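# Structural overview
Here are the chains, one letter per residue:
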Amino acid sequence: MSEFKKRTMLDIVPPSKKSTAFVFMPMRQDRPSPIPKKQIDVKRKFRFPKFHKTKKMFWIFCATLFLYIPLSIVFAEMKVEIYPKSITLELDETLELSRKESNGKIVFSEISLSDKRSGSFSSSNKKPHESKATGIVTVFNKNSSPQVLVSGTRFESSANKIYKIEKGIVVPANGSMDTKIIAQSAGDDFNEENLVDFTLPAFKEQRSLKFNTVYAKSKTEINGGFSGITFIVGQEDAKKAKDIIINEALLETKQDLIRKTPEGSFLLAQSVKYKIVEENFEPAVGETGEKFTLSVSGSAKGAVVQREFLEKTLGKNIPNYDPSYYHLKIKNLDNLSFELLGFEDSVSNFMVKVKGMAEFVGVVDSKQARDDIFEKKLKKSSAILSVFPAASRVKVSFRPF
């Protein structure tokens, strides 16, 4: 108990005891020496004066307005939208057309184009047929005097087939001559694809020395021999082929005539006709051939009228429409029904019956409208509408304001 020291509790912490010992701290060589306060140069950054947020927004608005006003004047725009009149009218009119100008009649003219075409067709007629093979041979005469060969002179091939000449010839001395030969009988047995040699049986029968000095060699193939059932190009075949050619030509040339129609004119498609000027059958009608070719040269012709005059005539029943003041075109003119009455080739006058629901639309020239608006300084829609009677409504807008 003697070693036990009594612990006391204090309300105040006693101050620590200061040591009186001197401690030497060596100075570091790399530490910069302190700078006197008088040598320190303090650089301050420039700052805009602080404005209140409301003032800042005000100046931004003023700057924007300053730029916007001159730019809006330079790039100012006036937009005018013109809506043309649109009228639907059911037509049932009969018009008279004439080649010459006349009161109450529509003047028409004709346009045409030439055409060439061909087609291949099949024959339908079967008939028994026989034909003799034919070809060209060269006859040689090795004698010192001319040799006369009369019509019907026989030529015998190396295969013992007999051919004849249909016309008499005179072969010059020590010369040659080409002539046509024809088989003695019909049939394909007399056809020869290869070139063959011929002798004259008459000289052999006469035991003449000319048998060896007068002879022939084929110059072309000998063909055309036939005996049996074959196809014949008949009249019905020719008629059907012509009808097919004409129908095809009519459809194609009609489109060509439409493209050829002058601007501002309208082609009466129902008036287009195709006429064959020249035709050629190969093989010819009546000859043999399982297939044949028809080549034709023809021309297509159609009547045209002035489109605007036709539209004004058809629009005469539109209420309050004055064709002399403005024009209403027919949007679906090609889809209307045109029936031609009394129309023939080279006719001077004929009638046209027009039926259908016509869609009339006012014609407004955008370039002319723009020029008129600037020239007359029109700004109000009512003023612009009064200048363009073909319009039903006008909308005017300005940019930027």
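Cut-offs and rules
Residues numbered from 1 in each chain as written. Predicted model: local features only at pLDDT ≥ 70, side-chain atom pairs only at ≥ 80, totals over all residues. Heavy atoms only, no water. Phe/Tyr/Trp six-rings, centres within 6.5 Å; stacked < 30°, edge-to-face > 60°. Buried < 20%, exposed > 50% of the residue type's maximum accessible area, 1.4 Å probe, protein only. Lys NZ or Arg CZ within 6 Å of the ring centre and 35° of its normal. Helix = DSSP H or I, 4+ residues; strand = E, 2+ residues; numbered from the N terminus. Contact = heavy atoms within 4.5 Å. Patch = residues over 30% accessible without salt bridge, like charges linked within 9 Å, V, L, I, M, F, W, Y side chains within 5 Å. Areas by Shrake-Rupley, 256 points an atom, 1.4 Å probe, with all protein chains shown as cover. Salt bridge = Lys/Arg side-chain N within 4 Å of Asp/Glu carboxyl O. Pairing = 2+ DSSP bridges. Core = buried A, V, L, I, M, F, W, Y, C linked by side-chain atoms within 4.5 Å. Axes fitted to C-alpha atoms, helices over the stretch in contact; angles between N-to-C directions. Polar contact = N/O pair within 3.5 Å; in protein donor to acceptor, adjacent residues only side chain to side chain.

Time to look at the packing of aromatic side chains. If you walk through the whole model with that rule in mind, you get ten aromatic pairs. Both rings, one in Tyr325 and one in Tyr326, keep their centres 6.3 Å apart while their planes meet at 70 degrees; by these two values the pair is edge-to-face. Of the residues examined, Tyr325 reaches a relative accessible area of 56% and is grouped as exposed. Relative accessible area serves as the criterion here: at 11%, Tyr326 is assigned to the buried category. An aromatic cluster is built from Phe108, Phe343 and Phe350, whose rings are joined through pairwise contacts. Positioned over the ring face of Tyr83 is Arg393, at 4.0 Å from the centre of the ring.

What follows concerns the environment of Glu166. With respect to the helices and strands, Glu166 occurs in the loop between strand S8 (162-165) and strand S9 (169-171). Accessibility expressed as a relative area gives 52% for Glu166, which makes it exposed. Filtering out sequence-adjacent residues up to four positions away, Glu166 remains in contact with Ser151, Lys180 and Ile182.

Attention shifts here to a nonpolar patch on the surface. A grouping of Val148, Val150 and Val170 is seen on the molecular surface, where their side chains present a nonpolar patch of about 260 Å² in accessible area. Relative to the assigned elements, Val170 resides in strand S9. Given the relative accessible area of 44%, Val170 is considered partly exposed.

Take the pairing of strand S3 (residues 106-122) next. One ladder, built from two bridges, connects strand S2 (residues 86-98) with S3; its direction is parallel. Of the residues in S3, the one forming a bridge with Ser98 is Val107.

Now for the pattern of salt bridges. Tallied over the full model, the rule gives 16 salt bridges. Arg259 is the salt-bridge partner of Asp256, the closest N and O atoms lying 2.4 Å from each other. Placement of both Asp256 and Arg259 in helix H4 (residues 235-260) is noted, with a separation of three residues, approximately one turn of the helix. What makes Asp256 partly exposed here is its relative accessible area of 31%. Here Asp371 ties to Lys367 by a salt bridge, and the two come within 3.4 Å at their closest N and O atoms. Here Asp371 pairs with Lys367, and both are found in helix H6 (residues 366-376), just four residues apart, close to one helical turn. Each of Asp115, Arg117 and Glu252 takes part in one network of salt bridges that share partners.

Once that is clear, we can look at the nonpolar core. Among the nonpolar cores identified, the biggest contains 29 residues, and Leu97, Leu310, Phe338 and Phe350 are the most heavily contacted of them. Of all elements in the fold, only S2, S3, strand S14 (265-282), strand S15 (291-306), helix H5 (307-314), strand S16 (328-330), strand S17 (337-341) and strand S18 (349-362) reach the threshold of two or more residues within this core. Counting residues per element, this core draws most heavily on S18, at five residues. Contact partners of Leu97, with chain neighbours within four places excluded, come to Ile106, Phe108, Leu268, Val305, Ser348, Asn349, Phe350 and Val352.

Turning to unusual backbone geometry, a few remarks are in order. Cis geometry is found at the peptide bond from Glu282 to Pro283, where omega equals -5 degrees. Residue position: Pro283 is located in the loop between S14 and S15. Backbone geometry at Arg207 places phi at a positive 55 degrees, although glycine is not the residue there. Note that Arg207 resides in the loop between helix H2 (201-205) and helix H3 (210-213). Look at Ser346: it is not a glycine, yet its phi comes out positive at around 65 degrees. Looking at the element boundaries, Ser346 is found in the loop between S17 and S18. Judged by its relative accessible area of 52%, Ser346 is exposed.

Structurally, Asn247 can be placed in helix H4. Of the residues examined, Asn247 reaches a relative accessible area of 47% and is grouped as partly exposed. Residues Asn247 and Tyr274, 27 residues apart in the sequence, show an inter-C-alpha distance of 8.5 Å.

The subject of this paragraph is the sheet that holds strand S11 (residues 197-199). The strand order around the closed barrel built from six strands is S5-S10-S8-S7-S11-S12, with neighbouring strands paired in antiparallel fashion. Each adjacent strand pair in this sheet contributes to an overall mean axis angle of 40 degrees, direction not counted. As judged from the three bridges shared by S8 and strand S10 (residues 175-183), these two strands associate in the antiparallel manner. In the strand pairing of S10, Lys164 is matched with Ile182.

Of note, Thr313 is situated in helix H5. In this structure the side chain of Thr313 is engaged in a polar contact, spanning 2.8 Å, whose partner is the backbone oxygen of Phe309. Not counting chain neighbours up to four residues away, the residues in contact with Thr313 comprise Leu95 and Ile106.

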